[in-house]
Amino acid sequence: MRAMAAPVLSHLDPDLVTLLDDVRTRLARAFKAPEGSLTIAMSGTGTSGMEAMVANLVGDGTRVLVIVGGYFGERLAEICRRYGGVISRVDVEWGRAVDPEAVRAALRGGKVDVVACVHAETSTGVLNPVPEIAAIAHDHGALVLVDAVTSFGGHPIDVAGWGLDAVYSCTQKCIGAPSGMAPVAWTPAAQARKVACRSFYLDLALLEDFWVRRKYHHTLSSTMIYALREALMAVEEEGLEQRWARHHKNHKALASAFSGSSTSRSARVSGHWPGRSGG
């Protein structure tokens, strides 16, 4: 809140440009993104990040396998459909994590360009086995699109180490800033298979021109950049591994306190722990 009280800067002010470079670098570290990735924050909520990743990876005829085990998996499938994707699904009982072998079986059915999944599903609290899913997807030549809206900053995420290709999140959950921006990691593998983006506002090539090459695209909120930068500094001061451990410890305490609830039982049965709340 103190950071957001600082005087507003123009979106083209040299001082703000310096802050944008700092935010890009800190996001790359937090995502553990590979060299050459574009790590920026979309102007908009987590759904803007979701739509941006889809808009730049999915076009008419793109074959997308979506893992659907909750409300946000459904939303991901719907946005892919709206951008012209040919959608197939792995439907999972709500409250259960997907079995990676179900993904493998679905990929045997034919060529798939993109496998899309939610890491931590808000509507059920389930954490999906993204590293295993990514390995299977790459075995079949598919890119991996991941919703990390809840998990980013609270669960282990390693974009480079896990072989993820396009990842999006938000600012108001585990990162700890207000709602209003959507961090994304857009790797070289995804860049190489970018489609012609139908959206001007969400076109990552144009946004890279703005964030990296200083070409005007839209009027970014400097106040939100202050907040995101401050939150990322707090993440680094605590340390990613320590932050992940703290979230896990608090999860265990909550799971123990509510061990009689059906939600907690299903989370324990699935072998994962509650992710996010809210939308």
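Presented here is an overview of the structure given in this document. (Residues numbered from 1 in each chain as written. Predicted model: local features only at pLDDT ≥ 70, side-chain atom pairs only at ≥ 80, totals over all residues. Heavy atoms only, no water.)

## Thoughts on the overall build of the protein chain
Now for step 1: A tally of regular secondary structure across the protein chain gives 11 helices and seven strands.
Now for step 2: Computed over C-alpha atoms, the radius of gyration of the protein chain comes to 18 Å, within 12% of the 19 Å expected from 2.2 N^0.38 for 279 residues, which places it in the range of a compact globule.
Now for step 3: Seen through its C-alpha atoms, the protein chain measures out along the principal axes to roughly 50 × 45 × 30 Å.
Now for step 4: Put simply, the protein chain has 279 residues, and 53% of those count as buried.
Now for step 5: Looking at the protein chain alone, contacts between residues at least 24 apart form 71% of all its contacts between residues at least 6 apart.
Now for step 6: Looking at the protein chain as shown, the accessible area adds up to about 11900 Å², and 54% of this sits on carbon and sulfur atoms.
Now for step 7: For the protein chain, the separation between the mean place of its 29 positive charges and that of its 28 negative charges on side chains is 3 Å. (Helix = DSSP H or I, 4+ residues; strand = E, 2+ residues; numbered from the N terminus. Rg over C-alpha atoms; globule rule 2.2 N^0.38 Å. Buried < 20%, exposed > 50% of the residue type's maximum accessible area, 1.4 Å probe, protein only. Contact = heavy atoms within 4.5 Å. Areas by Shrake-Rupley, 256 points an atom, 1.4 Å probe, with all protein chains shown as cover. Lys, Arg positive; Asp, Glu negative; His and termini not counted. Charge placed at Lys NZ, Arg CZ, Asp CG, Glu CD.)

## As for helix α1 (residues 14-31)
Now for step 1: A rise of 1.5 Å per residue sets the reference length of α1, with its 18 residues, at 26 Å; its end C-alpha atoms lie 26 Å apart and thus fit the reference within 8%.
Now for step 2: Inspection of α1 places L16, V17, L19, L20, V23, R26, L27, A30 and F31 among the buried residues, and these make up the whole buried set.
Now for step 3: One side-chain oxygen of the residue at the start of α1 lies 2.8 Å from the amide nitrogen of D15, identifying that residue as D13.
Now for step 4: Downstream of α1 by a residue or two, K32 has a phi angle that is positive, lying close to 55°. (Expected span 1.5 Å × (residues − 1). Polar contact = N/O pair within 3.5 Å; in protein donor to acceptor, adjacent residues only side chain to side chain.)

## Things to note about the sheet that holds strand β4 (residues 114-118)
Now for step 1: Strand order across the open sheet formed by seven strands is β1-β7-β6-β5-β4-β2-β3, with mixed pairing between neighbours. In this open sheet, the two edge strands, each paired with only one partner strand, are β1 (38-43) and β3 (86-91). Across this sheet, the average inter-strand angle for adjacent strands is 20°, counted without regard to direction.
Now for step 2: Note: β4 against strand β5 (residues 143-147), five bridges, orientation parallel. Residue V115 lies in a different strand from β5, and its bridge partner there is V144. (Pairing = 2+ DSSP bridges. Axes fitted to C-alpha atoms, helices over the stretch in contact; angles between N-to-C directions.)

## Regarding the packing of helix α9 (residues 222-238) against helix α10 (residues 240-257)
Now for step 1: α10 packs onto α9 with a crossing angle of 90° between their chain directions and a minimal axis gap of 6 Å. With respect to α10, the element α9 is oriented roughly perpendicular. Contact residues: α9 offers A234, V235 and E238, while α10 offers L240, Q242, R243 and R246.
Now for step 2: When the residues that make up the contact of α9 with α10 are grouped by side-chain class, the tally is three nonpolar, one polar and three charged. (Parallel < 35°, antiparallel > 145°, perpendicular 65-115°, else oblique. Nonpolar A, V, L, I, M, F, W, Y, C, P; charged D, E, K, R; others polar.)

## Focus on the pairing of β4
Now for step 1: Across the five residues that make up β4, a large majority, five, are buried.
Now for step 2: Every second residue of β4 is oriented toward a common face, with V114, A116 and V118 on one face and V115 and C117 on the other, all of them buried.
Now for step 3: Of the strand pairs in this sheet, strand β2 (residues 63-68) and β4 are connected by three bridges, and their pairing is parallel. The residue bridging V64 from the neighbouring strand is V114, located in β4.

## Digging into the nonpolar core
Now for step 1: Within the largest apolar cluster, 85 residues are counted, with the highest numbers of intra-cluster contacts made by M42, I67, V115, L145, W211 and I225.
Now for step 2: Element by element, the count of residues in this core is highest for α9, at eight residues.
Now for step 3: Among all residues touching V115, those that are not within four sequence positions of it are L65, I67, L107, I133, A137, A142, L143, V144 and L145. (Core = buried A, V, L, I, M, F, W, Y, C linked by side-chain atoms within 4.5 Å.)

## Section: the environment of R26
Now for step 1: Tracing the sequence through the fold places R26 in helix α1.
Now for step 2: Every residue in contact with R26, bar those within four places of it in the chain, is listed here: L232, M233 and E236.
Now for step 3: A polar contact is formed between the side chain of R26 and the side chain of E236, at a distance of 2.7 Å.

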